[in-house]
Amino acid sequence: MNTNNLYLKTAIAAARTSGKLFNKYFGHPKLVINKNGNPRDFVTEIDKKIETQIRKKLKQKFPESKFIGEE
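Below: a short report on this structure. Note that this is a predicted model, so its numbers are computed, not measured. (Residues numbered from 1 in each chain as written. Predicted model: local features only at pLDDT ≥ 70, side-chain atom pairs only at ≥ 80, totals over all residues. Heavy atoms only, no water.)

**Quick notes on the overall build of the protein**
1) Next: On a plain count of helices and strands, the protein comes out with two helices and two strands.
2) Next: Tracing the protein from N to C terminus, the helices and strands come up as α-β-β-α.
3) Next: Over its C-alpha atoms, taken along the principal directions, the protein stretches across nearly 45 × 25 × 15 Å.
4) Next: Residue burial in the protein is summarised as follows: out of 71 residues, 20% are buried.
5) Next: Surface accessibility of the protein: about 5800 Å² in total, with carbon and sulfur atoms responsible for 56%.
6) Next: For the protein, the centre of its 15 positive side-chain charges and the centre of its 7 negative side-chain charges are spaced 9 Å apart. (Helix = DSSP H or I, 4+ residues; strand = E, 2+ residues; numbered from the N terminus. Buried < 20%, exposed > 50% of the residue type's maximum accessible area, 1.4 Å probe, protein only. Areas by Shrake-Rupley, 256 points an atom, 1.4 Å probe, with all protein chains shown as cover. Lys, Arg positive; Asp, Glu negative; His and termini not counted. Charge placed at Lys NZ, Arg CZ, Asp CG, Glu CD.)

Given below as structure tokens:
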């Protein structure tokens, strides 16, 4: 398997796993806060959990890589 296919396969697996978490909490956020004090930029605890979950999956396959996220 070439490197691009491995990246794609890993990204799809991470998205599917996180999609399950998203569906579980869709429409029922437990906590909504303003991000960085910006009254127009909201984030939920589920957004953060999903980002953490995706990062964890990607880091398992690509520990040397750096990631930029925006929950």
